[in-house]
Amino acid sequence: MAYEFKLPEIGEGLTEGEIVRWHVKEGQTVRDNDPLVSILTDKAEVEIPTPVAGKVLKLSGKPGEKVLVGAVIAVLDAGGDEKSARAESSPAASAGAPREKAPRVDEKPGKKAVEPTASPAVRRLARERGVDLSAVKPTGPGGRVTEADLRSLRASPKETGPAEAVPVPDGGEERLPFVGIRRRTAEKMTRSAAIPTVAHLDEADVTALMRLRSELKDEAARRGVKLSVLPFVIRALSRALALHPSLNSVLDEDGGVIIVKRYHNIGFATQAAQGLLVPVLHGAHALGVWEIAEGVQRLAAKVRAGKAETADLQGGTVSVTNIGPLGGIAATPLLNPPESAILAIMKVQARPVVREGGIHVRDMLNLVLVFDHRVVDGAEAAAFMNAVVRGLENPRTLL
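Overview of the structure. Sequence order as written defines residue numbering, which begins from 1 separately in each chain. Only residues with pLDDT of at least 70 are given local features in this predicted model, and only at 80 or more are side-chain atom pairs given and counted; all residues enter the totals for whole chains, interfaces and linings. To obtain the side-chain values, all non-hydrogen atoms of the structure were included, while hydrogens and water were left out.

A short note on unusual backbone geometry
Turning to step 1, where the next piece is worked out: With an omega of 10 degrees, the peptide bond between Pro337 and Pro338 qualifies as cis.
Turning to step 2, where the next piece is worked out: In this fold, Pro338 is placed in the loop between strand E20 (318-322) and strand E21 (341-345).
Turning to step 3, where the next piece is worked out: Positive phi values are uncommon outside glycine, yet Asn33 reaches one of about 80 degrees.
Turning to step 4, where the next piece is worked out: Here Asn33 is to be found in the loop between strand E3 (29-30) and strand E4 (35-41). In this text, helices come from DSSP runs of H or I with a minimum length of four residues, and strands from runs of E with a minimum of two, each type numbered from the N-terminal end.

The structure is reproduced here in structure tokens:
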């Protein structure tokens, strides 16, 4: 029996999604809950499973095309199991995070082939590289295949969906589909580049902050939280925004107004397998350092596991990008429209500085603020940065 699978609602208020890649092809036999298609909404990429076992009769739409919620995107031979297929393809069943596939029994009697354990993001990367996970030696906890395990291998050619890149020999070329988060990021950054921005550079003496982190090490372990510099930066940033709210505003050109937001939803750039995402810590103005640290850790884990929901990636008012782990002394990030400011933090480095007429070695942190000059004046930006630096140099006031 032919079953028409319609694109479910995969985010509140969303009416359409972009096809990133098909994980199956027409004529292929699939099992219930096999990956069917990856759909991009806003900046969240969601892997939708097949609602029923059977044969794929038709796929509608190519990678990069947008489809409306409720539109038929695939037709499958449900083998008479249309009732269960309808139940499993409901928005409540399909809109959630990617589901793990169940172990399957090999065709040969007496043998079982168990699916290797891996996160959805690792499974996605394996498909993109044409790697059979069962052939990868796992090094993660409990025999889990990690991203590092995949990156240590050379991909072998394999039949994949029509949007997948085909591995080529060294010295050749590889044509990668410009779809999904990579294209969405490019579109947003192109809009950002058209905004007249200014970069303001400063530095903070974080010697006391690093000492405080060391003192709180045992408490952080008890809480199960990694207390990095970032939660202190977000806390100091939020306090500075309360004093200088123009940095937390949006320019509505069509309406001819500047919207000043009195709440602080702070996004922080996070690298994931599918690209750079910016999860948002909502209500940061009402959170302490420990709560911020817990929120950052939770959201970053969801992003890296490919389980971030649309709500996790929306509603930001200001962004932070932590370039420190990658090195460098300064960077000028692009704004995350429609936000008016983004703060880049670099690596904490021990440097000689002049203090009270003498040279001392201190832990120094370079900061770069990029702001929309249509909304924020240079003097206001400088005062804002002074407030951020004061907070970081007096870290106990942030607790």
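Right, picking up where we left off after that structure.
A word on the environment of Glu26
Turning to step 1, where the next piece is worked out: Considering the arrangement of structural elements, one finds Glu26 in the loop between strand E2 (16-22) and E3.
Turning to step 2, where the next piece is worked out: In this structure, the C-alpha to C-alpha distance between Glu26 and Leu57, residues 31 residues apart in sequence, is 5.6 Å.
Turning to step 3, where the next piece is worked out: At 3.0 Å, the side chain of Glu26 and the backbone nitrogen of Leu59 are in polar contact. Between N or O atoms, a polar contact is any pair within 3.5 Å; within protein, one atom must be a potential hydrogen donor and the other a potential acceptor, and residues adjacent in sequence are included only when both atoms are from side chains.

Side note on the sheet that holds E2
Turning to step 1, where the next piece is worked out: Only when DSSP finds a minimum of two bridges between them are two strands counted as paired. Spatial strand order, E5-E4-E2-E7: four strands in an open sheet with antiparallel pairing. Lying at the two open borders of the sheet, with one neighbouring strand each, are strand E5 (44-49) and strand E7 (66-68). Direction aside, the axes of adjacent strands within the sheet are offset by 40 degrees on average. In this analysis, axes come from line fits to C-alpha atoms, helices being fitted only over the stretch in contact, and the angle between any two N-to-C directions falls in the range 0 to 180 degrees.

Describing the side chain of Thr50
Turning to step 1, where the next piece is worked out: You can see Thr50 is positioned in the loop between E5 and strand E6 (54-59).
Turning to step 2, where the next piece is worked out: At 2.8 Å, the side chain of Thr50 and the backbone oxygen of Arg31 are in polar contact.
Turning to step 3, where the next piece is worked out: Discounting residues that sit within four places of it in the chain, Thr50 has contacts with Val30, Arg31, Asp32, Asn33, Asp34, Pro35 and Leu36. Should any heavy atoms of two residues lie within 4.5 Å, those residues are considered in contact.

Things to note about the sheet that holds strand E8 (residues 72-77)
The pairing of strands in a sheet happens through backbone hydrogen bonds and is either parallel or antiparallel.
Turning to step 1, where the next piece is worked out: Within the open sheet, the four strands sit side by side as E1-E8-E6-E3. Their pairing is antiparallel. Only two strands of the sheet have a single partner each, and these edge strands are strand E1 (2-6) and E3.
Turning to step 2, where the next piece is worked out: Across four bridges, E6 lies against E8 in antiparallel orientation. Bridge pairing in E8 links Val56 to Leu76.

Remarks on the nonpolar core
General note: in soluble globular proteins, nonpolar side chains tend to be found buried as a group.
Turning to step 1, where the next piece is worked out: Here, the term nonpolar core denotes a set of buried Ala, Val, Leu, Ile, Met, Phe, Trp, Tyr and Cys residues that are joined through side-chain atoms within 4.5 Å. Residue exposure (1.4 Å probe, protein chains only): buried if accessible area is under 20% of the type maximum, exposed if over 50%, otherwise partly exposed. By size, the foremost hydrophobic cluster in this structure holds 49 residues, and its most contacted members are Leu367, Leu369, Phe384 and Leu392.
Turning to step 2, where the next piece is worked out: Contributions of two or more residues to this core are made by helix H6 (207-215), helix H8 (229-243), strand E16 (266-268), helix H9 (289-304), E20, E21, strand E23 (358-372) and helix H10 (378-393).
Turning to step 3, where the next piece is worked out: When near neighbours in sequence (up to four residues on either side) are disregarded, Leu369 contacts Val198, Ala199, His200, Leu247, Ala341, Ile342, Leu343, Ala381, Phe384 and Met385.
Turning to step 4, where the next piece is worked out: Of all hydrophobic cores here, the second largest spans 21 residues; its members include Phe5, Ile39, Leu59 and Leu76.

Notes on the packing of H8 against H9
Turning to step 1, where the next piece is worked out: Two elements in contact, H8 and H9, have axes whose closest approach is 9 Å; the angle formed by their N-to-C orientations is 120 degrees. The angle between the axes of H8 and H9 places the two elements in the oblique class. At the point where H8 passes H9, the crossing takes the right-handed sense. Contacts between H8 and H9 involve Leu230, Pro231, Phe232, Ile234 and Arg235 from the former and Val289, Ile292, Ala293 and Val296 from the latter. Reported orientations rely on four angle classes, namely roughly parallel under 35 degrees, roughly antiparallel over 145, roughly perpendicular from 65 to 115, and oblique for the rest. Note on convention: near helix rotated counterclockwise from far helix by under a right angle means a left-handed crossing. Clockwise means right-handed.

Looking at the pattern of salt bridges
Turning to step 1, where the next piece is worked out: The term salt bridge refers to a pairing of a side-chain nitrogen on Lys or Arg with a carboxyl oxygen on Asp or Glu at a separation within 4 Å. One pass over the full model with this rule turns up 16 salt bridges.
Turning to step 2, where the next piece is worked out: Measuring nitrogen to oxygen at the nearest pair gives 3.8 Å for the salt bridge that ties Lys66 to Glu16. Taken together, the residues Lys66 in strand E7 and Glu16 in strand E2 connect sequence positions 50 residues apart.
Turning to step 3, where the next piece is worked out: We classify Lys66 as exposed; its relative accessible area is 53%.
Turning to step 4, where the next piece is worked out: Note that Glu219 and Arg223 form a salt bridge whose closest N and O atoms lie 3.1 Å from each other. Linking Glu219 with Arg223, this pair stays in helix H7 (residues 217-223), spanning four residues, or about one helical turn.

Focus: the environment of Leu299
Turning to step 1, where the next piece is worked out: Examined against the element boundaries, Leu299 turns out to sit in helix H9.
Turning to step 2, where the next piece is worked out: You can call Leu299 buried: its relative accessible area is 3%.
Turning to step 3, where the next piece is worked out: Between the alpha carbons of Leu299 and Leu281 there is a distance of 7.9 Å; along the sequence they are 18 residues apart.
Turning to step 4, where the next piece is worked out: With near-sequence residues (within four places) excluded, Leu299 lies in contact with Phe268, Pro279, Val280, Leu281 and Asp312.

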